[in-house]
Amino acid sequence: MGNTSPAAKGTSMPPSIDYAAVSRSAAFQELLKRKKAFILPYSIFFFVFYFTLPIMTSYFQVLNRPAFGAITWAWVFAFAQFIMTWALCIIYTKRSEEFDRMVEQIKQETGGKGV
């Protein structure tokens, strides 16, 4: 067992980053603001849409009516939940590219290398 620190191996230490200063920076605050503005409404929509099906089928009869032949509105709504989940995943994937660009900009400004 020897000293396995980067300095002992002959490599230079990465520059230390003041994470408190990064978290107070305008760019980081803007990133958090944009992520919250995106994630909060979509999460609320998801949970409302998700829990509407069991609530409607438990306490109301509206979804038990036929939509197309023998298929009731409950089945249509349940299938719509799959579509909604895929759509939200695709939307988040596209929006995350913007968040990733903002993170890269913050890393360049602060000298962080990241992974």
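This write-up is about the structure you can find in this document. (Residues numbered from 1 in each chain as written. Predicted model: local features only at pLDDT ≥ 70, side-chain atom pairs only at ≥ 80, totals over all residues. Heavy atoms only, no water.)

A few points about the overall build of the protein
The helix and strand inventory of the protein stands at 3 helices and 2 strands. Traced from its N-terminal end to its C-terminal end, the protein shows the element sequence α-α-β-β-α. When burial is assessed residue by residue, the protein has 16% of its 115 residues classed as buried. The long-range fraction of contacts in the protein, counting pairs at least 24 apart against all pairs at least 6 apart in sequence, stands at 59%. (Helix = DSSP H or I, 4+ residues; strand = E, 2+ residues; numbered from the N terminus. Buried < 20%, exposed > 50% of the residue type's maximum accessible area, 1.4 Å probe, protein only. Contact = heavy atoms within 4.5 Å.)

Side note on the pattern of salt bridges
Tallying each qualifying case throughout the model produces 3 salt bridges. Salt-bridge contacts for Arg34 lead to Glu30; the nearest nitrogen and oxygen are separated by 2.9 Å. You can see Arg34 and its partner Glu30 sitting in helix H2 (residues 26–59), 4 residues apart, about one turn around the helix. Arg34 gets classed as partly exposed once you look at its relative accessible area, which sits at 36%. Residue Glu30 is classed as partly exposed on the basis of its relative accessible area of 28%. (Salt bridge = Lys/Arg side-chain N within 4 Å of Asp/Glu carboxyl O.)

Regarding the nonpolar core
Grouped together as the largest cluster of nonpolar side chains are 7 residues: Phe49, Leu53, Leu63, Ala74, Phe77, Met84 and Leu88. Counting only elements with at least two residues in this core, the list comes to H2 and helix H3 (73–110). When residues of this core are assigned to their parent elements, the largest contribution, 4 residues, is made by H3. Within the second largest apolar cluster, 6 residues are counted, among which are Leu31, Phe99, Met102 and Ile106. (Core = buried A, V, L, I, M, F, W, Y, C linked by side-chain atoms within 4.5 Å.)

Details of the packing of aromatic side chains
Counted under the stated rule, the structure contains 11 aromatic pairs. With a centroid separation of 6.0 Å and an interplanar angle of 50 degrees, the aromatic rings of Phe68 and Trp73 are classed as tilted. These aromatic residues form a ring-pair network of at least three members: Phe38, Tyr42, Tyr92 and Phe99. Sitting over the ring of Phe99, Lys35 keeps its end group 5.9 Å from the ring centre. (Phe/Tyr/Trp six-rings, centres within 6.5 Å; stacked < 30°, edge-to-face > 60°. Lys NZ or Arg CZ within 6 Å of the ring centre and 35° of its normal.)

Overview of the packing of H2 against H3
The contact between H2 and H3 brings their axes to 11 Å, and the two run at 170 degrees. Judged on the interaxial angle alone, H3 and H2 are roughly antiparallel. Residue composition of the contact of H2 with H3, grouped by class: 22 nonpolar, 4 polar and 6 charged. (Axes fitted to C-alpha atoms, helices over the stretch in contact; angles between N-to-C directions. Parallel < 35°, antiparallel > 145°, perpendicular 65-115°, else oblique. Nonpolar A, V, L, I, M, F, W, Y, C, P; charged D, E, K, R; others polar.)

Describing a nonpolar patch on the surface
A cluster of nonpolar residues, Phe47, Tyr50, Phe51, Ile55, Tyr59, Phe60 and Val62, forms a patch on the protein surface that exposes about 740 Å² of accessible area. Summarising the element assignment, Tyr59 is placed in helix H2. (Patch = residues over 30% accessible without salt bridge, like charges linked within 9 Å, V, L, I, M, F, W, Y side chains within 5 Å. Areas by Shrake-Rupley, 256 points an atom, 1.4 Å probe, with all protein chains shown as cover.)

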